Each structure stands twice: as C-alpha cells, then as structure tokens.
Amino acid sequence: MKILTLVYGGVGQPEPDELDRREAADEWPRVRLYERQLNSDMLDERDILSMPGARGAALRALPIGMAQALEGFSRRRRYDAIVSWGERFGLPLAGMLKATRARTPHVALFSWISTPKKAAVLRRVHSHIHRLVLWSSIQYDFAVNELGIPPSRIVQLRWLVDQKFWRPMPGPTDMICAVGREMRDYATLITALRDLPIPCHIAAKIDFGKTDQWMTDLRDPSALPAHITTGSKPYPELRALYARSRFVVLPVHPTDTDNGVTAMTEAMAMGKAVICSRVDGQRDVLVDGESGLFVPPRDPRAMRDAIEYLWANPDVCERMGRAGRKHVEQFHTLDRFVAGVEGAVRSAIAEVRAK
C-alpha cells in the first residue's frame with residue numbers, strides 16, 4: 001500500500017532526518033509515526049513553495065489549499081489512495097475527482113464541516129470521499145443528518161495525542177496556563193484573572209501583521225497584569241509549562257466543533273485537570289467533575305470561581321489529572337488514531353477495487 005497525504009504546514013519544520021533525531025531524543029512528539037505506518041508520502045506547503053520551473057510558479061499563483069489539491073490530483077495514479085488531512089484541500093480534491101470521474105480512493109480527515117460554505121461544497125462532492133474521518137460527535141451528527149452522508153462511509157475516531165511525549169512529569173506546580181489560538185476567549189480569562197494574582201502563561205502565537213479576532217486581547221502585552229504572560233513555546237518548553245501548571249484553562253467562544261481539543265488532550269495526557277468553557281462542540285473528551293470542570297462561556301465570574309477552587313484544592317487537581325491521563329490512555333493515543341486511519345484507508349481501497 002502506497003499513500004499520498006495532503007497536510008497543512010511544513011514551512012519551518014525540520015527535515016525528516018532531524019525530526020527522527022528529535023523524536024528519538026524525546027524533544028518532539030512522534031509526528032513521523034503516521035507516515036511510516038501508512039507508507040505515506042506527505043505533500044505540504046513546503047513542497048509547493050519549493051517546486052521549480054513554470055509548474056511551481058503556476059501552483060504558487062493559486063491559493064495554497066487549491067495548489068495542494070491540484071498537485072495531489074496530478075499524482076493520483078502513483079498511489080493506492082490519497083488522504084486529505086484538512087478541508088481546504090480535501091474539498092477541492094473531491095471536486096476534481098468527481099468532475100473527472102476518477103476512481104482514486106480518497107480518505108478525508110475533516111474537523112469542522114458544519115460551516116455554511118464547507119457544508120455547501122461537501123454536500124455536492126462527498127460521493128468522492130470514500131471514507132470521511134471525524135472526531136467530533138456533533139460534526140458526525142451533522143454529516144449524517146444534514147448532509148445525508150451514509151454512516152457506512154464515516155469513521156469516527158477519537159482525537160490523537162502522543163501519550164509518550166505528553167506524559168506526567170513530577171515537579172512543583174506554582175502557576176497555571178492556557179494554550180492555543182483558534183476560537184479562544186482570552187478576554188474572559190484575562191478578566192477572571194486580572195485581580196486574582198495566580199501566575200498564568202498564555203501559550204499562543206500572535207501574528208501582529210494579521211487580523212485575528214481570537215488574538216485581539218493579547219496584542220498589547222503591556223496592558224496585561226504582570227502575572228499574565230504570553231508567547232508561543234516550542235514542544236519541550238510547552239511540555240515544561242504543562243508540567244509546572246497546577247491545571248490548564250481552556251476558554252473557548254461558543255462553537256459547534258471541538259476547538260481546543262489538541263490542548264485539552266495534551267493537558268490530560270500530562271495528568272492535568274482542565275477548566276473549559278461549556279460549548280456545544282466540547283462534549284467528547286472532558287468529563288465534568290471527573291477530569292476537569294466546565295464553566296459557562298463568556299462568564300468571567302464562573303471562570304474565576306473555578307480557578308480559585310482548583311488552585312485551593314491541589315488534591316482535587318491531582319485526582320482529576322489521574323482520571324484525565326487514564327482517559328487518554330484508553331481512547332486518545334496516537335497509536336490508536338493512526339491504526340484507525342490505516343483501517344479507513346484499507347477499507348476505502350477495498351471498496352473501490354471491489355466496484
């Protein structure tokens with residue numbers, strides 16, 4: 001089985017040999033496990049940006065997702081299947097396959113299909129997605145009930161976390177943290193903490209040259225109280241931040257998908273309790289009162305009360321952290337996720353060949 005996978009990113013990421021070295025040295029999560037186990041070539045932004053000649057120039061003139069989809073489509077006959085890990089290239093690829101009546105097995109790993117534009121496109125092209133992998137139950141319900149995608153073509157997997165890299169680490173816990181970017185409601189967290197002198201670091205990348213509605217509250221660090229700091233961190237430093245935090249706070253704007261699930265599962269894998277906004281999309285991982293606490297969205301008073309409670313009760317944090325780690329080990333391991341995607345790919349290939 002030979003697979004091509006379309007993925008986000010690539011720019012600025014270490015080369016494969018360096019990634020292997022960092023993984024072996026416990027400096028990086030096992031990001032290469034997927035491509036090794038599925039025998040997959042990876043097509044990312046770096047491949048488009050470094051492509052020589054007129055072909056590369058033509059692709060770079062397109063939106064990057066469309067360029068990746070077009071290049072993946074052009075390579076389809078070299079592979080047994082194509083995996084699109086994201087809607088921005090998975091949807092146009094499905095459209096190309098449908099328009100040309102191509103029989104290439106196509107597996108799509110999508111996270112947020114219920115937005116109107118994505119839903120409108122997916123409704124028309126899902127016939128050329130042979131397996132749709134989803135990890136949000138609310139997105140699964142939308143796919144079946146609103147888009148009419150047969151459940152037999154949908155694979156529900158739990159979101160992945162490298163439980164070997166993100167693991168409990170002993171040490172003092174003298175602060176808290178918040179991690180991530182998309183749909184984060186940091187205004188509520190900052191208001192909750194403004195007069196509550198618990199040290200907190202918000203690990204989020206801020207692009208000052210871009211308009212990002214989720215980051216506006218962090219653009220002026222000088223306006224923040226001294227006990228709130230900001231700035232993204234590389235993997236080893238992020239793991240150290242989790243380890244030093246008594247618990248992790250995940251303030252999220254109302255959303256119908258599981259924005260923040262990566263930070264949530266990393267924190268739980270580290271054995272940390274999690275405080276999260278109770279939004280429709282966050283229903284599959286955290287168990288209220290067992291592995292963390294839900295609070296009403298956009299409610300600084302409720303968030304402050306939850307922070308004060310867990311800060312004053314480290315034994316509760318430890319109990320919740322143990323429950324979260326157990327949940328990750330049972331449902332969310334990287335190995336389990338990769339095996340699930342491999343099964344989806346093999347079943348898609350078998351279905352197309354049978355026809």
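Here the structure is shown first, and the text comes after it.
What you see is a predicted model; the values in this text were computed from it and never measured.

Reading guide: rules and limits
- Residues numbered from 1 in each chain as written.
- Predicted model: local features only at pLDDT ≥ 70, side-chain atom pairs only at ≥ 80, totals over all residues.
- Heavy atoms only, no water.
- Helix = DSSP H or I, 4+ residues; strand = E, 2+ residues; numbered from the N terminus.
- Buried < 20%, exposed > 50% of the residue type's maximum accessible area, 1.4 Å probe, protein only.
- Polar contact = N/O pair within 3.5 Å; in protein donor to acceptor, adjacent residues only side chain to side chain.
- Contact = heavy atoms within 4.5 Å.
- Phe/Tyr/Trp six-rings, centres within 6.5 Å; stacked < 30°, edge-to-face > 60°.
- Lys NZ or Arg CZ within 6 Å of the ring centre and 35° of its normal.
- Patch = residues over 30% accessible without salt bridge, like charges linked within 9 Å, V, L, I, M, F, W, Y side chains within 5 Å.
- Areas by Shrake-Rupley, 256 points an atom, 1.4 Å probe, with all protein chains shown as cover.
- Salt bridge = Lys/Arg side-chain N within 4 Å of Asp/Glu carboxyl O.
- Expected span 1.5 Å × (residues − 1).

Chemist: Outline unusual backbone geometry, supporting the account with residue identities and numerical values.
Modeler: Although it is not a glycine, Met183 adopts a positive phi angle of roughly 60°. Position of Met183 among the secondary structure elements: in the loop between strand 7 (175-179) and helix 9 (186-193). A residue is classified by how much of its surface remains accessible, and Met183, at 7% relative accessible area, is buried. The phi torsion at Arg298 lies on the positive side, around 55°, for a residue other than glycine. Tracing the chain through its elements places Arg298 in the loop between strand 12 (292-295) and helix 12 (300-312).

Chemist: Pulling in residues and values, what's your account of the side chain of Gln163?
Modeler: Among the secondary structure elements, Gln163 is positioned in the loop between strand 6 (154-156) and strand 7. Of note is the side chain of Gln163, whose polar atom sits 3.3 Å from the backbone nitrogen of Leu334. Once you skip the residues sitting within four places of it in the chain, Gln163 turns out to touch Arg30, Arg325, Val328, Thr333, Leu334 and Asp335.

Chemist: Please provide a residue-by-residue account of the packing of aromatic side chains, values included.
Modeler: Overall, the coordinates contain eleven aromatic pairs when judged by the stated rule. Seen from their ring centres, Phe165 and Trp166 are 4.8 Å apart, and the 85° between their planes marks the pair as edge-to-face. Through a chain of ring-to-ring contacts, the aromatic side chains of Trp28, Phe165, Trp166, Tyr235 and Tyr242 assemble into a single cluster. Stacked on the ring of Phe331, the Lys or Arg Arg158 has its end atom at 4.3 Å from the ring centre. Its guanidinium or amino end placed over the ring of Phe165, Arg239 lies 4.0 Å from that ring's centre, counting from NZ or CZ.

Chemist: Give me a nonpolar patch on the surface: which residues, what numbers.
Modeler: A contiguous nonpolar patch, built from Leu62, Met66 and Leu70 and spanning about 220 Å² of accessible area, is present on the exposed surface. Looking at the element boundaries, Leu70 is found in helix 5 (residues 64-74). Look at Leu70 and you get partly exposed, because its relative accessible area is 37%.

Chemist: Before we move on, can you summarise helix 6 (residues 87-99) with the specific residues and values?
Modeler: When the terminal C-alpha atoms of helix 6 are compared, their 18 Å separation across 13 residues agrees well with the 18 Å that a helix rising 1.5 Å per residue should span. Within the sequence span of helix 6, burial applies to Glu87, Phe89, Gly90, Leu91, Pro92, Leu93, Ala94, Met96 and Leu97. For helix 6, the elements touching its buried residues are strand 1 (3-6), helix 5, strand 3 (81-84), strand 4 (106-109) and helix 7 (116-125). Within two residues after helix 6, Arg101 carries a phi angle of roughly 55°, on the positive side.

Chemist: Please provide a residue-by-residue account of the pattern of salt bridges, values included.
Modeler: In the structure shown here, the tally under the stated rule is 29 salt bridges. Its salt-bridge partner being Arg353, residue Asp80 comes within 3.0 Å of it at the nearest N-O pair. Taken as a pair, Asp80 in the loop between helix 5 and strand 3 and Arg353 in helix 14 (residues 334-354) lie far apart in primary sequence, 273 residues in all. Judged by relative accessible area, which is 62%, Arg353 ranks as exposed. Shared partners join several salt bridges into a network, and the residues in it are Asp20, Glu23, Arg32, Glu35 and Arg36.

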